[in-house]
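Notes for the structure review
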Amino acid sequence: MNNPLTARRPSVWRKCLQAKYLILLMLPGLIYYLVFHYAPMYGVLMAFKNYKGGTTIWNAPWVGLKWFQEFFESYYFGRLLSNTLIISLLNLVFSFPIPILFALALHEMRSRSFKRVVQTVSYLPHFISVVVIVGMLKAMLSPTDGVINNLIRASGGNAINFFGTADYFRPLYIGSDVWQSFGWNSIIYLAALTSADPALYEAARIDGANRWQQIVHVSIPCILPTIIILLIMQLGRTMSVGYEKIILMYEPATYEVADVISTYVYRRGILKGQFSFSTAVGLFNSVINLVLLVAVNALSRRVSDVSMW
Amino acid sequence: MIQIQKSNHHAIRRSGSDITIDVVVWFIGLLALVVTLVPFLHVIAMSVSDPSLVSRQEIYLWPKGVNFDAYRMVMQNKMFWTNYGNTLWIVCVGTLVNIFLTVTLAYPMSRTQFFLRRPIMKLITFTMFFSGGLIPLFIIVNKTGLYNTRWAVILPYAINTYNLIVCRTFFEGIPDSLVESARLDGANDIRVLFSIVLPLSKAILAVLVLFYAVAHWNSYFPAMLFIPKTDLQPVQVYLIRVLIQDTEALAEEGSAGYSRALIVEQLKYAVIIVTVLPVAVLYPFLQKYFVQGVMIGAIKG
């Protein structure tokens, strides 16, 4: 009579009935996640099959780890992995610290109106699309009618084909990234700085600290937790470099330094239609990403009590 | 005596270091201004100068022989307007869809006593850590019949999980007593959301609208993947053809009295300005909402 199975059922039903409006509200969003996030996860099965369209993924023949093996043994594997890591590392070295320095400088500005102008202007590039950024770069660096080569020629040099030369790809990629994001990314540090307790600065002044010493001993310790958290999050994003910009910037002549895993997936999968192979490559990337994020999150929990879940 | 001298000496040294810092800070501020503005000034100057001076490469940061023919030509270009219109449609419809889905999912996720809250939240956050990747999504878009429609850049991106969490965090901050008293008056959860919670959430709604709208305005990759048909594409894809691939003929031979080669470079600069303008003009007025959005997100992160 009172067995746990029949006793539990009505209670779940009653809970659902009680929360029926909440369930109704979340239904569209839930369907979105199932269709556009979880269904693609099922599609990952393709990586272990030979799917060429036409049939369902389920009916395609299994091939085991064939595609992974092909990828690991290919000439591209080492190149893609090292390009991905190098671009991430360059990001960490250049794009990460500059907003911190910029925020410290903004915080030290005495003229409020100057500070506001600098802030407003420096946030602006964040709202410009990558297409426009790369378009502007290409126009200004064009070997025939770009302003930069125009200046180079005027000073007696030879025009440089910036976008067609491998050596220039990474400086251009990182440089434009810094240009676009240094202002916007400083907001979060600036917020931490302005919320610092004024009494700390007061105490430092009474102890005879000059402004430089106040920066080193009050301001920097104050944003250190923020820096650590953002640094950890940045490490978690190592495998997901900004491929949308790379796709616009690279040319066959610069593939050797510019091609990363995501751009390779795009070329092989979308442009050449090799669905199974490129799903396997993408899955490799996603799995490393997942492992990194979990590791980094554990690290974050240990050092700062802050974690993402 | 000695005491006074010492502190005097100290005061001088302090002001010396203060001045150095002021100088460095001013320098950094000016550098930021110059570095950010110079590319824009150059693009503007190029777009409004005399085409023959542009092609003789005599324009740097200040326009010479002001001339709006390049803009006139952009305005007369049919494909540009078709694509610009598509962007406007995608921004409006897309943002509406975004807001509706984000809000209706964030609200149940903010109700602490809702028994499905934890499992569903886990399901949602997991998508931030693992995804099926590009190709499976491509196949889903094909199978759902969205391929080659403008919905293909809206529905697969209907909720940004980060924005969802920001919205949920905001809803959690609304006092429970308000919701409870409305419930006692016989209002169901849907009514509570639309007539109690949302009117109190204008700040977060503004932030979400801006974030979503700017993302739609600037996005190009989904359209490049899912909309091969040129007259359904947004203006960013048009820009790729004009600026990056050099495959779109903006000007017809001999139009407006200039040879095509003369004006084709200048047209690029005019197109950049026309697509950046709406964001650049609106942004200073909306800046405080954007910054607010980052702050609300930062509290959670």
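Values in this document were obtained by computation on a predicted structure and should not be read as measured data.

Remarks on the overall build of chain B
Within chain B one finds 13 helices and zero strands. Overall, chain B shows an N-to-C arrangement of helices and strands of α-α-α-α-α-α-α-α-α-α-α-α-α. The buried share among the 301 residues of chain B stands at 50%. A sequence separation of at least 24 residues applies to 71% of the contacts in chain B between residues at least 6 apart. For chain B, the computed accessible surface area is about 14200 Å², with 67% contributed by carbon and sulfur atoms.

Re the domain arrangement of chain B
Reports often express the size of an interface as the amount of accessible area lost when the parts come together. All names here are of chain B. When its domains are assigned, chain B resolves into domain 1 (2-47) and domain 2 (69-299). Each partner contributes to the interface: domain 1 provides five residues, whereas domain 2 provides seven residues. Note on domain 1 versus domain 2: buried area summed over both sides is about 530 Å², and carbon and sulfur give 71% of it. Interface area lost by domain 1 to domain 2 is led by Val 43, Met 46 and Ser 47, which between them contribute 82%. The tally of links from domain 1 across to domain 2 stands at zero salt bridges. Inspection of the region where domain 1 meets domain 2 yields three residue pairs in polar contact (both at pLDDT 80 or more). Its residues assigned to classes, the side of domain 1 that touches domain 2 comprises three nonpolar, two polar and no charged.

A closer look at the packing of helix α2 (residues 20-43) of chain A against helix α9 (residues 189-197) of chain B
At their nearest, the axes of α2(A) and α9(B) sit 7 Å apart, and the two run at 65° to each other. In contact with Tyr21(A), Leu22(A), Leu24(A) and Leu25(A) of α2(A), α9(B) contributes Asp189(B), Ile190(B), Leu193(B) and Phe194(B). Its residues placed into classes, the contact of α2(A) with α9(B) shows seven nonpolar, no polar and one charged.

A closer look at the interface of chain A and chain B
On the chain B side, the residues contacting the 94 residues of chain A number 92 residues. Between chain A and chain B the total buried area reaches about 8400 Å² when both faces are included, carbon and sulfur atoms providing 78% of it. Of all residues in chain A, Leu25(A), Tyr33(A) and Phe127(A) give up the largest surface area on contact with chain B, accounting jointly for 9% of the area buried on that side. There are three salt bridges connecting chain A and chain B. Here Arg211(A) makes a salt bridge to Asp22(B), at a shortest N to O gap of 2.9 Å. Taken together, the connections running from chain A to chain B amount to 18 residue pairs in polar contact (both at pLDDT 80 or more).

A look at the side chain of Ser49(B)
Residue and element names in this part refer to chain B. Relative to the assigned elements, Ser 49 resides in the loop between α1 (2-48) and α2 (51-55). Given the relative accessible area of 0%, Ser 49 is considered buried. Not counting residues up to four positions away in its chain, the partners in contact with Ser 49 are Val 54, Ile 59, Pro 63, Lys 64, Gly 65, Asn 67 and Gln 266.

Some thoughts on the nonpolar core
Residues Phe169(A), Ile246(A), Tyr107(B) and Phe171(B) are the most contacted members of the largest nonpolar core, which totals 190 residues. With 15 residues, the top contributor of residues to this core is helix α13 (residues 260-300) of chain B. For this core, the domains that each give at least three residues are domain 1 (2-47) and domain 2 (69-299) of chain B. Once residues lying within four places of it in the same chain are set aside, the contact partners of Phe169(A) are Ile87(A), Ile246(A), Met249(A), Tyr250(A), Thr254(A), Val257(A) and Ala258(A).

Focus: the pattern of salt bridges
Using the criterion set out here, one finds 15 salt bridges over all chains in the structure. Here Arg110(A) makes a salt bridge to Asp22(B), at a shortest N to O gap of 3.3 Å. Linking Arg110(A) in the loop between α5 (97-108) and α6 (112-123) with Asp22(B) in helix α1, this pair reaches from one chain into another. Taking the relative accessible area as the measure of exposure, Arg110(A) reaches 55% and is therefore exposed.

Description of the environment of Ala159(A)
Residue and element names in this part refer to chain A. Structurally, Ala 159 can be placed in the loop between α8 (147-154) and α9 (166-194). Judged by relative accessible area, Ala 159 falls into the partly exposed class, the value being 37%. In this structure the C-alpha to C-alpha distance between Ala 159 and Phe 96, which are 63 residues apart in sequence, comes to 32 Å. Setting aside chain neighbours within four positions, we find Ala 159 in contact with Pro 143, Asn 149 and Arg 153.

So, the confidence of the model for chain B
All names here are of chain B. Of all residues in chain B, 88% attain a pLDDT of 70 or more, and the chain-wide mean is 87. A low-confidence stretch, residues 1-12 (pLDDT under 50), is modelled with one contact involving residues beyond four sequence positions or located in other chains. Scored as a whole, the predicted complex attains pTM 0.89, and scored at its interfaces, ipTM 0.89.

Describing the packing of aromatic side chains
Following the criterion strictly, the structure yields 46 aromatic pairs over all chains and no others. Judged by centre distance (4.9 Å) and plane angle (40°), the ring pair of Phe127(A) and Tyr283(B) falls under tilted. Taken together, the positions of Phe127(A) in the loop between α6 and α7 (130-141) and Tyr283(B) in helix α13 put the pair across two chains. For Phe127(A), a relative accessible area of 3% translates into the label buried. Plain terms: the ring middles of Phe80(B) and Trp81(B) are 5.3 Å apart, the flat faces sit at 70° to each other, and that makes the pair edge-to-face. Here Phe80(B) falls in the buried class, since its relative accessible area comes to 0%. Trp81(B) sits in the partly exposed class, given a relative accessible area of 37%. Cluster of aromatic residues (ring-pair linked, three or more members): Trp67(A), Phe71(A), Phe72(A), Tyr75(A), Tyr76(A), Phe77(A), Tyr264(A), Phe277(A) and Phe284(A).

Definitions and limits used
- Residues numbered from 1 in each chain as written.
- Chains lettered and ligands numbered in written order.
- Predicted model: local features only at pLDDT ≥ 70, side-chain atom pairs only at ≥ 80, totals over all residues.
- Heavy atoms only, no water.
- Helix = DSSP H or I, 4+ residues; strand = E, 2+ residues; numbered from the N terminus.
- Buried < 20%, exposed > 50% of the residue type's maximum accessible area, 1.4 Å probe, protein only.
- Contact = heavy atoms within 4.5 Å.
- Areas by Shrake-Rupley, 256 points an atom, 1.4 Å probe, with all protein chains shown as cover.
- Domains from an automatic or database assignment.
- Buried area = accessible area lost by both parts, 1.4 Å probe.
- Salt bridge = Lys/Arg side-chain N within 4 Å of Asp/Glu carboxyl O.
- Polar contact = N/O pair within 3.5 Å; in protein donor to acceptor, adjacent residues only side chain to side chain.
- Nonpolar A, V, L, I, M, F, W, Y, C, P; charged D, E, K, R; others polar.
- Axes fitted to C-alpha atoms, helices over the stretch in contact; angles between N-to-C directions.
- Core = buried A, V, L, I, M, F, W, Y, C linked by side-chain atoms within 4.5 Å.
- pLDDT = per-residue confidence, 0-100.
- Phe/Tyr/Trp six-rings, centres within 6.5 Å; stacked < 30°, edge-to-face > 60°.

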